[in-house]
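# Structural overview for review
As a plain string of letters, each chain reads:
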Amino acid sequence: MRKTLQVLLGVFGAIAIFIALLHIVLGPSSIPGAVAVNATMDSEDRFYATLFLAFGAALLWCIENVERKARLVYFLMLTFLAGGLARLISVAAVGWPNDFFIVMTFLELLLPFVYAYLQYRVSAAEPPARGR
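Residues numbered from 1 in each chain as written. Predicted model: local features only at pLDDT ≥ 70, side-chain atom pairs only at ≥ 80, totals over all residues. Heavy atoms only, no water.

## Brief notes about the layout of surface pockets
In this structure, the largest pocket occupies an estimated 1600 Å³ of space. Around the largest pocket, the lining is made up of 46 residues, and of these H23, F52, R87, F101 and E108 lie nearest the centre. Looking at the lining of the largest pocket, the elements that each hand over two or more residues are α1 (2-26), α2 (39-61), α3 (70-94) and α4 (99-125). Of the residues in the lining of the largest pocket, the class split is 32 nonpolar, ten polar and four charged. (1 Å grid on protein atoms, 1.4 Å probe; cavity = no way out; pocket = protein on both sides within 12 Å on 5 of 7 lines; lining within 4 Å. Points joined across faces, edges and corners; volume = space filled by probe spheres on them. Helix = DSSP H or I, 4+ residues; strand = E, 2+ residues; numbered from the N terminus. Nonpolar A, V, L, I, M, F, W, Y, C, P; charged D, E, K, R; others polar.)

This is the structure in structure tokens:
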């Protein structure tokens, strides 16, 4: 279970970093179904991409000693879930996005629970540290 969680955190972290770098380098044109945007929206996209890059780096940091980083993994998954919920607000406000983002919304609402479950199992299997 530990190795599975570590591999999945590595894959998730690497994908997040890759997506973030695409947005930083290419801007909004890296978004499936995107249209031309003004300088303000381009700037905003590239700014938020750096935060997603940090999210990916944090996931990678959790790999080592993953059983002791449960709080951070739970926080990162809650953050990702909140992103999925924000997409639902967008659906309510302006309608359905490109099909790719409908799939992404589903993943953003599901994956946090999968990772949290794996983290729980890994952390529960870890014997308590001495002196605590």
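## As for the environment of G56
Relative to the assigned elements, G56 resides in helix α2. We classify G56 as buried; its relative accessible area is 0%. Separated by 14 residues in sequence, G56 and A70 place their C-alpha atoms 16 Å apart. Discounting chain neighbours no more than four positions away, the residues touching G56 are G13, A16 and I17. (Buried < 20%, exposed > 50% of the residue type's maximum accessible area, 1.4 Å probe, protein only. Contact = heavy atoms within 4.5 Å.)

## A closer look at α2
For α2, spanning 23 residues, the distance from its first C-alpha to its last is 33 Å, which sits close to the expected 33 Å at 1.5 Å a residue. Buried residues of α2: D45, A49, F55, G56, A58 and L59, and no others. Structurally, α2 contributes buried residues whose contacts are with α1 and α3. (Expected span 1.5 Å × (residues − 1).)

## Considering a nonpolar patch on the surface
A cluster of nonpolar side chains, V103, F106, L107, L110 and V114, forms an exposed patch at the surface whose accessible area comes to about 410 Å². Among the structural elements, L107 can be located in helix α4. (Patch = residues over 30% accessible without salt bridge, like charges linked within 9 Å, V, L, I, M, F, W, Y side chains within 5 Å. Areas by Shrake-Rupley, 256 points an atom, 1.4 Å probe, with all protein chains shown as cover. Salt bridge = Lys/Arg side-chain N within 4 Å of Asp/Glu carboxyl O.)

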